[in-house]
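Here's the letter readout for the chains.
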Amino acid sequence: MSIKKVMVIGAGQMGGGIAQVCAQAGYEVYLNDLREEFVDRGIETIAKNLSRSVEKGRMTEEEKEAALERIIRSKDLQDAAHADIVIEAAVENMTIKTDIFKKLDQAAPAHAILATNTSSLPITEIAAATERPEQVIGMHFMNPVPVMKLVEIIRGLATTDEVYQAVEEMTLKLNKAPVEVNDFPGFVSNRILMPMINEAIYTLFEGVATKEAIDDVMKMGMNHPMGPLELADFIGLDTCLYIMEILHEGFGDSKYRPCPLLRKYVKAGWLGKKSGRGFYIYE
């Protein structure tokens, strides 16, 4: 199964990053979003990222221009007709994702692989929205995509070995490190990371220590590059809450119960770095 043309659904932070690494690896990439200005903004961010790489001597100006030329703007899901693989990086919502996959199933050629960048939702349930569940797979990239090496590759119940191998080979061509994971809530990364963040929020909620002290303990004592509260702000507190709710519902275990302080911050609109305020205040 040969992958030459890629379509990425969603031109935001994750989708734009995925499109960038695919274009840099030599793939022709259709970057799709609902509105033209979203696609333009995504390509503008990619161009800035590539320009920084040129300034740092990691690539030439010619390589940058060649990568940008491989990205094709798309507002229509019917463009999936050109793709060997479609990587969906839309909002983390099962209703939205299954609706996209139903449409992709109709638009994409019979041989095409349909992948999702979901960080927590069941691959098997997404695959059930299509007539090709054996060709549906999870490709969970880490944020920021151009920097982070890991890609969790998640098999659904019906995913074939051939599809898994094709996606693994593509991941290696992107200069990423593929790790095979089975389809459980939160997979590996978020099943371990989010309860740690949630426990850090409980530690703050219970008055055990200040936010700065909690983050310092994990940075200086455990050698984490970012403290858990700082990381939660970076991820987005609404995203952290959503994933904790997926874990709580999926496992039915009280250890995954979201901290009330996390719920309160999200209700207040304190979503972290993207809103200007979370556990910390951002100018």
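Named according to an unreviewed UniProt entry, the protein chain is 3-hydroxybutyryl-CoA dehydrogenase originating from Jeotgalibacillus proteolyticus. Comment text from UniProt for the protein chain, heading Pathway (unreviewed entry), reads "Lipid metabolism; butanoate metabolism."

What about the overall build of the protein chain?
Assigned secondary structure in the protein chain consists of 11 helices and eight strands. Computed over C-alpha atoms, the radius of gyration of the protein chain comes to 19 Å, within 12% of the 19 Å expected from 2.2 N^0.38 for 283 residues, which places it in the range of a compact globule. Classification of the 283 residues of the protein chain by burial places 49% in the buried group. Sequence separation of 24 or more characterises 66% of the internal contacts of the protein chain that already satisfy a separation of 6 or more. Surface summary for the protein chain: the accessible area is close to 13,800 Å², and the carbon and sulfur share equals 52%. Both charge centroids of the protein chain, one from 31 positive and one from 41 negative side chains, sit 4 Å from each other.

Considering the sheet that holds strand β3 (residues 71-74)
Through backbone hydrogen bonds, the strands of a sheet pair up, either in parallel or in antiparallel fashion. Ordered by their spatial adjacency, eight strands build an open sheet running β3-β2-β1-β4-β5-β6-β7-β8, and the pairing between neighbours is mixed. One side of each edge strand has no neighbouring strand; the edge strands of this open sheet are β3 and β8 (177-181). Strand-to-strand twist of the sheet, defined as the mean angle between neighbouring strand axes without regard to direction, takes the value 25°. Pairing geometry for strand β1 (residues 5-9) and strand β2 (residues 28-32), over five bridges, is parallel. Residue pairing in the sheet places Lys5 in a bridge with Glu28 of β2. Lying on the sheet, helix α1 (residues 13-24) is in contact with β1, β2, β3, β4 (85-88) and β6 (136-141); it crosses β2 at an angle near 165°.

Looking at the UniProt feature "domain: 3-hydroxyacyl-CoA dehydrogenase NAD binding" (unreviewed entry) in the protein chain
Within this numbering scheme, the UniProt entry marks residues 5-183 as carrying the feature "domain: 3-hydroxyacyl-CoA dehydrogenase NAD binding" (unreviewed entry). The span residues 5-183 is 41% helical and 22% strand by assignment, and the distance between its end C-alpha atoms comes to 26 Å.

A look at helix α4 (residues 94-107)
In this model, α4 (14 residues) spans 20 Å end to end at C-alpha, consistent with the 20 Å of a helix rising 1.5 Å per residue. Regarding α4, the residues found buried are Met94, Lys97, Thr98, Ile100, Phe101, Leu104, Asp105 and Ala107. Structurally, α4 contributes buried residues whose contacts are with β1, β4, β5 (113-116), α5 (123-127), β6 and α10 (237-251). Capping of α4 at its N-terminal end is provided by Asn93; its side-chain oxygen lies 3.0 Å from the backbone amide nitrogen of Thr95.

Thoughts on the nonpolar core
By size, the foremost hydrophobic cluster in this structure holds 38 residues, and its most contacted members are Val6, Ile85 and Met170. Top element by residues in this core is α1. It accounts for six residues. If we skip the residues at most four places from it in the chain, Met170 touches Ile3, Val6, Cys22, Tyr27, Ile85 and Ile87. With 24 residues, the next largest nonpolar core counts Ile100, Ala107, Leu114 and Phe187 among its residues.

Things to note about the packing of aromatic side chains
All chains considered together, the criterion is met by four aromatic pairs. Ring centres of Tyr202 and Phe205 lie 6.4 Å apart, and the angle between their planes is 65°; this geometry places the pair in the edge-to-face category. With Tyr202 and Phe205 both in helix α7 (residues 189-205), this residue pair falls three residues apart, about one helical turn. The class of Tyr202 is buried, set by a relative accessible area of 11%. Given a relative accessible area of 42%, Phe205 falls into the partly exposed group.

About the cut-offs
- Residues numbered from 1 in each chain as written.
- Predicted model: local features only at pLDDT ≥ 70, side-chain atom pairs only at ≥ 80, totals over all residues.
- Heavy atoms only, no water.
- UniProt positions renumbered as here; feature names shortened; annotations may be inferred.
- Helix = DSSP H or I, 4+ residues; strand = E, 2+ residues; numbered from the N terminus.
- Rg over C-alpha atoms; globule rule 2.2 N^0.38 Å.
- Buried < 20%, exposed > 50% of the residue type's maximum accessible area, 1.4 Å probe, protein only.
- Contact = heavy atoms within 4.5 Å.
- Areas by Shrake-Rupley, 256 points an atom, 1.4 Å probe, with all protein chains shown as cover.
- Lys, Arg positive; Asp, Glu negative; His and termini not counted.
- Charge placed at Lys NZ, Arg CZ, Asp CG, Glu CD.
- Pairing = 2+ DSSP bridges.
- Axes fitted to C-alpha atoms, helices over the stretch in contact; angles between N-to-C directions.
- Expected span 1.5 Å × (residues − 1).
- Polar contact = N/O pair within 3.5 Å; in protein donor to acceptor, adjacent residues only side chain to side chain.
- Core = buried A, V, L, I, M, F, W, Y, C linked by side-chain atoms within 4.5 Å.
- Phe/Tyr/Trp six-rings, centres within 6.5 Å; stacked < 30°, edge-to-face > 60°.

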